[in-house]
Every structure is written in structure tokens, then in C-alpha cells.
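# What the coordinates show
Take a look at the letters that make up each chain.
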Amino acid sequence: MLYHSTRGLDGSRSFSEVLHSGLAEDGGLFVPETVPTLNRETIDKWKHYSYEELAVEIISLFSGDCFSRSELTDIVYQSYSGFQHEIKSPLTKLEENHFLLELFHGPTLAFKDFAMQVIAKMFARTLQKKNLKINIVTATSGDTGSAAVEAFKNVSNVNLYVLYPHERISQIQRMQMTTANATNIKVFAVQGTFDDCQSIVKRLFADKELVSDVNLSGVNSINWARILIQTVYYFSAFYQMKFVSGEKVSFCVPTGNFGDAYAGYLAKKMGLPINKIIVATNENDILDRVFKTGSYKSDQVSQTLSPSMDIQVASNFERLLFDLLNKDPKKVCELMNELAKKGGFNVDKKIIKQILKDFDSGAVTDKDTVTTIDQFYHSREVILCPHSAIGVRVAQDFVNAGETVISLGTAHPAKFKDTVESALNISIPIPLPLKDLIKKNENVKVISPDEGLVAEEIRNSKFTSY
């Protein structure tokens, strides 16, 4: 399996190169040359597989000769050994034809653990083989950073630099990053928004000399491996529904950067019987707006009760555009240049019509979020985090229209304790690992949104040769 950049970078790349690079050298995102299409026989056979067996099958379709079958199996089983539920991503019934996919049973209690645990072990295995050292930089709106810190802490041959928006994430999210006490981890609180953090990362990768000098990589959802590995739980959820042949389900995905939604789209392209991927946003509704109006225009980032979705530039939307523009990198570059220069662009009506064959969307206010948390606690005794509540609320409109919908439960409610307790006017139970966080000392550096400061830290890292 070979990969190309959405912006036309010359030549193809292997899975190992894509894993280590994160972002393409031309600023684009890597996509596979082809997406394997599964036949009905294979899809039916997989329904008997465990989560780990599904992961090995799906990842192996895209990883080429990067890992032997036994290596990949070891990586996957080690990665999910710390999850607290046998099924890894169990389904809970919320109401008739509406289910919640619980993606918060991993080490940091958020869906990002599914991919980050595997990626960290992939890095460790491939770097050891090649005797390489690498510096990883990642921007986070909360959960990516904590999952990355947990996965990569004390991994030899890796330094990890995490950037999060100062005072715009929850206390638990922050402390999961800042209390790691690992010599290979540095955490920066950027005085700005997540989009500022993401912009710093992109500018760092645009510095070709820096990338080459320090062997720079990224593990945001710009990294194809993140998208690929998150595809697995869409298959797992579908099989848990025990549908008869021919039945379809829609997935409602609370998202800001569009990575998790694109993972569902990839599963559909592979042949999983998905009707629609329903994109659920908060007041930072750029994705809902582009689906409804064709206008992709970044706006000022609003601070909401769902901070992990406070994003106005959804990086992974570029991958979808590439697909729908007949994989024409010149057209993608034109739109991305327009975004950089003018802050937005318009998507042709024909493209929007194509998008709506696979996607739908909705946006939710903070008031709606609180109401939904309250509703499902009192009607079903289910406690939702504010991001999961957004997905559930948007999904209800489609359930009421007759669809069967699985909403993605993206994080444990205790990670957003203050918001949830305020909505319910009760104290909620806190898992022991989160209680222990409060006792730890934090180590974080507050910086202005300046990539030069981060570049200097990376250049001054303990790695003396690459």
C-alpha cells in the first residue's frame, strides 16, 4: 500500500514513511492510493472477531510490509491490554433506534486512546528497527494531548511536544498532560485557541530545514495512522448491532477537526453498510455551515462547554475534498491557498451534493448541551460528557425521522466534571486515576503563539544525533 499527498507531492510513500512524517512535505495530508473494498463474505466473516482481531485485519490492509503479521498482532494486543472493558467499545441503548458507542474505556478515558496506544507502539517498533530517534509535535484541543502523553511517556527514541490552548481545556485534560513526569515529554500552554496551536504545528512542518534536522513527526489526526485505527470501532459497533443482511446504520460523530468523521467515511468506503456519517458540532459550526451552504469560512473561535471541539479549521476536511475533486491536487491547492489568504472558500454545489450522499450535520448550543445531559441522566441514568451530549442531541433529529443511529461517546463525563455536575446539580463519581491526578505537581510552559519558541525547544532537545 502506497500513499500520496493531497497537494501533489512527487512520488509515493510507504506506510512507515507516512507514520513517521505525519504531515506531507508540501503541507498536504497523506491518503492511500486505493481503498480496499471488502466483499460481503469478508464483512460477514468478521462479525465473529474480537476487537483486537478486527484491528489486525483492518490495519494490515493499509500497512503493507511495515510489520509482519505476528508483529502487528503483538502491537494491537499490547495496545488494548490496558482498556477496562472486554469489548473495548461497548454499545449502550439510549432510546429506541438510538445507541451510544462508549469510547472512553482506555487509559485516559477518551476515544483518542484507541489510535494513540497503537501508534506509540508502532513508533517504538519501527524506530528500534531502524535505530532512529524522532521528535513528535502535536496540537491538542484536550484529549489528543493527554492520550499522546500517556502513550509516549518514557518511550525510548521519542521526544513529544504537546501544544494546547491556555485556559481553554478542562482541568482534568490539562493535568493528564502536565503531570506525566516523563523526561521525554514537554507541554506548552499556548496563549490562543486550538487553531493557533494547529497553525504552529503546520508552520513547523513547513520549515524543511527543521523537519530534516530534528526528524520531526506529528500524531494529530493529520497522521493517516490515526484515521485508519479509529476506523476499527465503526466495524465493531456495526457487528454489535447484529443486523440482518442489508440493514444500514448511521453514526453521529461529535467532531471539530473532522478526523473521527473521516474515519467513519473510510469504513463506508471499505464496504461497511453505513447510511450517513452525521457530523455534530458545537457553536464553532464551520462543518455544519459548509454542508448546508457550501461556505467554508473560518470565524472567531467561541469558547464553549465542549472545549475539544472549539475549532474553526477542520484539517481533515482536506482529505474529503481530495476524494471529491477526483483526486486533483491542483484544485485542492487552490482551495487551501484561498483558505490561507482569505480565511475561507466556497465549495461547488455539485461537490456539496456528493458530500450529502454520505454525510449530514447539525449544530448544538451550550444550552442544548446542558439540556441533553440532564435529559438522559433523568430518563436513562446515563451520564454524558458535553461532547457526547452534542452527538446525542444531533442524532435525536435523525432518530425521530426514522433512522437507526449510533452516537459516539467520546469521553468519560468525569473529564468534564465541573460542566456535568453543574448541569445535573449532583456530584458524579470520579475514577481513581483521575482522583490521583489532583495530588500531582504540574510541569507546563505558557508561551505566545510563536512557532520559533517551540522550534528552539525541539532543537535543544537531548537528542544529539538523528
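Above this text sits the structure in question.
Everything numeric here is computed off the predicted structure, so don't read it as measured data.

## Let's talk about the overall build of the protein chain
Looking only at helices and strands, the protein chain features 21 helices and 15 strands. In terms of overall size, the protein chain behaves like a compact globule, its C-alpha atoms giving a radius of gyration of 21 Å where 466 residues would be expected to give roughly 23 Å. Summarising its shape, the C-alpha atoms of the protein chain cover approximately 60 × 50 × 50 Å along the three principal directions. Across the 466 residues in the protein chain, those meeting the buried criterion constitute 60%. Within the protein chain, contacts between residues separated by at least 24 positions form 76% of all contacts whose residues are at least 6 apart in sequence. Accessible surface computed for the protein chain: about 18400 Å², of which carbon and sulfur atoms make up 46%. The averaged location of the 55 negative side-chain charges in the protein chain is 2 Å from the averaged location of its 51 positive side-chain charges.

## Remarks on the nonpolar core
Membership of the largest hydrophobic core comes to 113 residues, with the highest contact counts inside it found for Phe 152, Phe 258 and Phe 317. Leaving out residues up to four positions away in the same chain, Phe 258 has contacts with Val 279, Leu 287, Phe 291, Ala 314, Asn 316, Phe 317, Leu 320 and Phe 359. Phe 194, Cys 197, Leu 210 and Ala 455 belong to the second largest nonpolar core, which has 23 residues in total.

## Overview of the packing of helix 3 (residues 51-60) against helix 4 (residues 69-79)
Relative orientation of the contacting elements helix 3 and helix 4 amounts to 130 degrees, with a least axis distance of 9 Å. The angle between the axes of helix 3 and helix 4 places the two elements in the oblique class. As for the relative orientation of helix 3 and helix 4, their crossing is right-handed in sense. Listed contacts from helix 4 to Glu 52, Glu 53, Ala 55, Val 56, Glu 57, Ile 59 and Ser 60 of helix 3 are Arg 69, Leu 72, Thr 73, Val 76 and Tyr 77. Among the residues making up the contact of helix 3 with helix 4, the classes are represented as 6 nonpolar, 2 polar and 4 charged.

## Digging into the pattern of salt bridges
Tallied over the full model, the rule gives 22 salt bridges. Put simply, Lys 268 and Asp 358 hold a salt bridge, and the shortest N to O gap is 2.8 Å. Pair noted here: Lys 268 is in helix 12 (residues 259-270) and Asp 358 is in helix 16 (residues 349-358), with a separation of 90 residues, a long-range link. Residue classification places Asp 358 among the buried residues on the basis of a relative accessible area of 18%. Among the salt bridges present, the one from Asp 285 reaches Arg 289, with a minimum N-O distance of 2.8 Å. For Arg 289, a relative accessible area of 22% puts it in the partly exposed group.

## Details of the sheet that holds strand 6 (residues 158-165)
With respect to topology, 5 strands assemble into an open sheet ordered 8-5-6-7-15, the strand pairing being parallel. Either end of the sheet is taken by a strand with one partner, and the two such strands are strand 8 (216-217) and strand 15 (445-447). In this sheet, strand 7 (residues 185-190) lies alongside strand 6 in parallel orientation, the contact comprising 6 bridges. The residue bridging Val 162 from the neighbouring strand is Val 187, located in strand 7.

## Digging into the sheet that holds strand 4 (residues 98-102)
Reading across the sheet, the 6 strands line up as 3-4-14-9-10-13 and stay open at both edges, with mixed pairing between neighbours. Lying at the two open borders of the sheet, with one neighbouring strand each, are strand 3 (91-95) and strand 13 (359-363). Sheet twist, expressed as the mean angle between neighbouring strand axes with direction ignored, is 25 degrees. Of the pairings in the sheet, the one linking strand 10 (residues 274-281) to strand 13 comprises 5 bridges and is parallel in character. Its bridge partner lying in strand 13, Val 279 is registered against Ser 361. With respect to the sheet, helix 16 is in contact with strand 10 and strand 13, its orientation differing from that of strand 10 by roughly 105 degrees.

## Comments concerning the side chain of Thr 108
Inspection of the secondary structure assignment puts Thr 108 in the loop between strand 4 and helix 5 (112-130). One polar contact links Thr 108 to Asp 113, side chain to side chain, over a distance of 2.8 Å. If near-sequence neighbours (up to four positions away) are discounted, Thr 108 is found in contact with Asp 113, Ser 146, Ala 147, Glu 150, Gln 176 and Lys 415.

Procedures and definitions
- Residues numbered from 1 in each chain as written.
- Predicted model: local features only at pLDDT ≥ 70, side-chain atom pairs only at ≥ 80, totals over all residues.
- Heavy atoms only, no water.
- Helix = DSSP H or I, 4+ residues; strand = E, 2+ residues; numbered from the N terminus.
- Rg over C-alpha atoms; globule rule 2.2 N^0.38 Å.
- Buried < 20%, exposed > 50% of the residue type's maximum accessible area, 1.4 Å probe, protein only.
- Contact = heavy atoms within 4.5 Å.
- Areas by Shrake-Rupley, 256 points an atom, 1.4 Å probe, with all protein chains shown as cover.
- Lys, Arg positive; Asp, Glu negative; His and termini not counted.
- Charge placed at Lys NZ, Arg CZ, Asp CG, Glu CD.
- Core = buried A, V, L, I, M, F, W, Y, C linked by side-chain atoms within 4.5 Å.
- Axes fitted to C-alpha atoms, helices over the stretch in contact; angles between N-to-C directions.
- Parallel < 35°, antiparallel > 145°, perpendicular 65-115°, else oblique.
- Left-handed = near helix turned anticlockwise from the far one by under 90°.
- Nonpolar A, V, L, I, M, F, W, Y, C, P; charged D, E, K, R; others polar.
- Salt bridge = Lys/Arg side-chain N within 4 Å of Asp/Glu carboxyl O.
- Pairing = 2+ DSSP bridges.
- Polar contact = N/O pair within 3.5 Å; in protein donor to acceptor, adjacent residues only side chain to side chain.

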